[in-house]
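Coordinates in review
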Amino acid sequence: LQQGIYLQALQIRSGLLARFGGEANLELARDHLTTLLSLQDTDGSDIALQETPWRESLKVRERLGDFEGARGAALTLVDLVDSRPAVRLEAMLYLAATTEPSEQQQRLEQAQRLAEAIGPRALATVAYQSGMIALDQKRFEQALGDFDRSLVHLDEEGRRGTARYRRAECMLGLGRTTDAREALEQLLEDDPSHLASHLSLGELLLASDQIDAALDHFQ
């Protein structure tokens, strides 16, 4: 009983520290999770075979800038027998986003195969991540197509708004200024608080000497 309470306390306290944020709290959360992963559960099984502490460790290490440690946690989640498919997919996409360009396609194809077994929303998430990678590499045409595919089933509000905004970025990269402006205006009609869109639209208006309209968006 005491061992079970101790294990729960480590996990709960690491979660609270991560939520508080700040480098000192995140470092302590990382240490708690490292300790937790070195122990055995009350049934004698290794906690290192459980999904949750590895997933939390990935997030904490990424926030600390320990990308090698975060990737190690992601690799463990991909290989962990008891990882849920959605969590395994999340880890695969993290690896795709943080690996060398020569390995990214392989990681994305691996994620695509898993997403096909999960369903449409998972496929939308893969398309979104593929678009983010292509946009970062200035492959605007491919990125635009990826974001279009992601929006068919992407229902997470924040990520959906980001996908729409990134579509406008792709259009700008392709020289389609009018289309980009229309996309930003439509996004702001649906979400007037989307600050990045206000900034981008203000810059477009400023470039066409529409000073007053630009100032409204900057304000």
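First things first, this report covers the structure right here in the doc. Predicted, not measured: the structure shown is a model, and the values here were computed from it. (Residues numbered from 1 in each chain as written. Predicted model: local features only at pLDDT ≥ 70, side-chain atom pairs only at ≥ 80, totals over all residues. Heavy atoms only, no water.)

A tally of regular secondary structure across the chain gives twelve helices and zero strands. From first element to last, N terminus to C terminus, the chain shows the α and β order α-α-α-α-α-α-α-α-α-α-α-α. For the C-alpha atoms alone, the extent of the chain along its principal axes is close to 70 × 40 × 30 Å. With 219 residues in all, the chain has 39% of them scored as buried. (Helix = DSSP H or I, 4+ residues; strand = E, 2+ residues; numbered from the N terminus. Buried < 20%, exposed > 50% of the residue type's maximum accessible area, 1.4 Å probe, protein only.)

Let's shift gears to the environment of D31. If you trace the backbone, D31 turns up in helix 2 (residues 23-37). In this structure D31 comes out as partly exposed when scored by relative accessible area, which is 37%. Sequence-wise, D31 and S14 are 17 residues apart; in three dimensions their C-alpha atoms are separated by 8.4 Å. At 3.4 Å, the side chain of D31 forms a polar contact with the side chain of R30. (Polar contact = N/O pair within 3.5 Å; in protein donor to acceptor, adjacent residues only side chain to side chain.)

What follows deals with a nonpolar patch on the surface. On the surface, L199, L206, I211, L215 and F218 cluster together into a nonpolar patch covering about 440 Å² of accessible area. Breaking the nonpolar patch down by element, the ones donating at least two residues are helix 11 (195-207) and helix 12 (211-218). Looking at which element gives the most residues to the nonpolar patch, the answer is helix 12, with three residues. Note that L215 resides in helix 12. (Patch = residues over 30% accessible without salt bridge, like charges linked within 9 Å, V, L, I, M, F, W, Y side chains within 5 Å. Areas by Shrake-Rupley, 256 points an atom, 1.4 Å probe, with all protein chains shown as cover. Salt bridge = Lys/Arg side-chain N within 4 Å of Asp/Glu carboxyl O.)

Its place among the elements puts R19 in helix 1 (residues 2-20). On the accessibility criterion, R19 (72% relative accessible area) is exposed. Taking the C-alpha atoms as reference, R19 lies 29 Å from L199; in sequence the two are 180 residues apart.

All told, the structure shown has ten salt bridges when counted by the stated rule. Measuring nitrogen to oxygen at the nearest pair gives 2.5 Å for the salt bridge that ties D148 to R167. A residue pair is termed long-range when its members are at least 10 positions apart, and D148 in helix 8 (residues 140-153) and R167 in helix 9 (residues 157-173) qualify at 19 residues. Classification of D148 by relative accessible area gives partly exposed; the value is 34%. A salt bridge links R181 to E185; its shortest N-O distance comes to 3.1 Å. Within this pair, R181 and its partner E185 are both found in helix 10 (residues 177-190), separated by four residues, close to a single helical turn. You can call R181 partly exposed: its relative accessible area is 27%.

What follows deals with the side chain of R71. Mapped onto the secondary structure, R71 falls in helix 4 (residues 67-79). Buried within the structure, R71 lacks any salt-bridge partner; its nearest side chain of opposite charge belongs to E103, at an N-O separation of 4.9 Å. A distance of 3.3 Å separates a polar atom in the side chain of R71 from the backbone oxygen of L95. Residues contacting R71, with those up to four places away along its chain left out, are Y94, L95, T98 and T99. (Lys, Arg positive; Asp, Glu negative; His and termini not counted. Contact = heavy atoms within 4.5 Å.)

The full count for this structure, using the stated rule, is one aromatic pair. Seen from their ring centres, Y128 and F147 are 6.0 Å apart, and the 70° between their planes marks the pair as edge-to-face. In this pair, Y128 is assigned in helix 7 (residues 120-136) and F147 in helix 8, connecting sequence segments 19 residues apart. Each member of the pair, Y128 as well as F147, carries the same accessibility label: buried. (Phe/Tyr/Trp six-rings, centres within 6.5 Å; stacked < 30°, edge-to-face > 60°.)

Relative orientation and spacing of two packed helices are given, respectively, by the angle between their axes and the distance between those axes. Between helix 2 and helix 3 (residues 51-63), the least distance of the axes is 10 Å, while the angle of their chain directions is 150°. Accordingly, the angle class assigned to the pair helix 2 and helix 3 is roughly antiparallel. The interaxial crossing formed by helix 2 with helix 3 has left-handed handedness. Contacts between helix 2 and helix 3 involve L26, A29, R30, L33, T34, L36 and L37 from the former and P53, W54, E56, S57, V60, R61 and R63 from the latter. Among the residues making up the contact of helix 2 with helix 3, the classes are represented as eight nonpolar, two polar and four charged. (Axes fitted to C-alpha atoms, helices over the stretch in contact; angles between N-to-C directions. Parallel < 35°, antiparallel > 145°, perpendicular 65-115°, else oblique. Left-handed = near helix turned anticlockwise from the far one by under 90°. Nonpolar A, V, L, I, M, F, W, Y, C, P; charged D, E, K, R; others polar.)

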